[in-house]
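What follows is the residue order along each chain.
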Amino acid sequence: QVQLVESGGGLVQAGGSLRLSCAASGSIFSINAMGWYRQAPGKQRELVAAITSGGSTNYADSVKGRFTISRDNAKNTVYLQMNSLKPEDTAVYYCNAECSLWGGDEYDYWGQGTQVTVSS
């Protein structure tokens, strides 16, 4: 079994910064892509940023230039540095990891979510 544990959410004023972390643990052989998604009240979950095992990144247009995704493969951890936060960034942020297990199976796993609230 695989677990993703997120941390780093909270309340911040507009213009401020937060750093989210997500650590994966369990019977992991390797992790392919890792990413951050978010879901605001009444809206669908959307991709915020993703990063491959080789370090290639992809960002939603709304966060380009403000957010930076990175990962530490040795620690099976992905980070999301969020700068210049806006009230519209308020959402529950979820970590996602595409894992290859020791048995050869591949699954998508999700974290429990962490609340990010940006006040105006």
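In the block above lies the structure referred to throughout.
Fair warning: this is a prediction, and the values are worked out from it, not measured in the lab. (Residues numbered from 1 in each chain as written. Predicted model: local features only at pLDDT ≥ 70, side-chain atom pairs only at ≥ 80, totals over all residues. Heavy atoms only, no water.)

## Section: the packing of aromatic side chains
Alright, step 1. In this structure the tally under the stated criterion is 3 aromatic pairs.
Alright, step 2. Aromatic side chains Y107 and Y109 sit 6.2 Å apart centroid to centroid with 70 degrees between the ring planes, which places their arrangement in the edge-to-face category.
Alright, step 3. By relative accessible area, Y107 is classed as partly exposed at 43%.
Alright, step 4. Just above the ring of W110 sits the side chain of R45; from NZ or CZ to the centre is 4.7 Å. (Phe/Tyr/Trp six-rings, centres within 6.5 Å; stacked < 30°, edge-to-face > 60°. Buried < 20%, exposed > 50% of the residue type's maximum accessible area, 1.4 Å probe, protein only. Lys NZ or Arg CZ within 6 Å of the ring centre and 35° of its normal.)

## Regarding the pattern of salt bridges
Pairing between side chains becomes possible if they bear opposite charge and their charged atoms approach one another.
Alright, step 1. Enumeration over the complete set of coordinates arrives at 4 salt bridges.
Alright, step 2. Between R38 and E46 there is a salt bridge, with its nearest N and O atoms 2.7 Å apart.
Alright, step 3. For R38, a relative accessible area of 6% puts it in the buried group.
Alright, step 4. For R38, the salt bridge goes to D89, with nearest N and O atoms at 3.0 Å. Of this pair, R38 sits in strand 4 (residues 28–39) while D89 sits in the loop between strand 8 (77–82) and strand 9 (91–101); the two residues are 51 residues apart in sequence, bridging distant segments of the chain. (Salt bridge = Lys/Arg side-chain N within 4 Å of Asp/Glu carboxyl O. Helix = DSSP H or I, 4+ residues; strand = E, 2+ residues; numbered from the N terminus.)

## Details of the sheet that holds strand 7 (residues 67–72)
Alright, step 1. Spatially, 1-3-8-7 is the arrangement adopted by the 4 strands of the open sheet, whose pairing is antiparallel. With partners counted over all chains shown, the strands left at the sheet margins are strand 1 (2–7) and strand 7, one partner each. Put simply, the sheet's adjacent strands are angled 15 degrees from each other on average, direction ignored.
Alright, step 2. Bridge analysis of strand 1 against strand 3 (residues 18–26) gives 6 bridges, and the strand direction is antiparallel. In the strand pairing of strand 3, S7 is matched with S21. (Pairing = 2+ DSSP bridges. Axes fitted to C-alpha atoms, helices over the stretch in contact; angles between N-to-C directions.)

On their own, these measurements won't tell you what the molecule is for.
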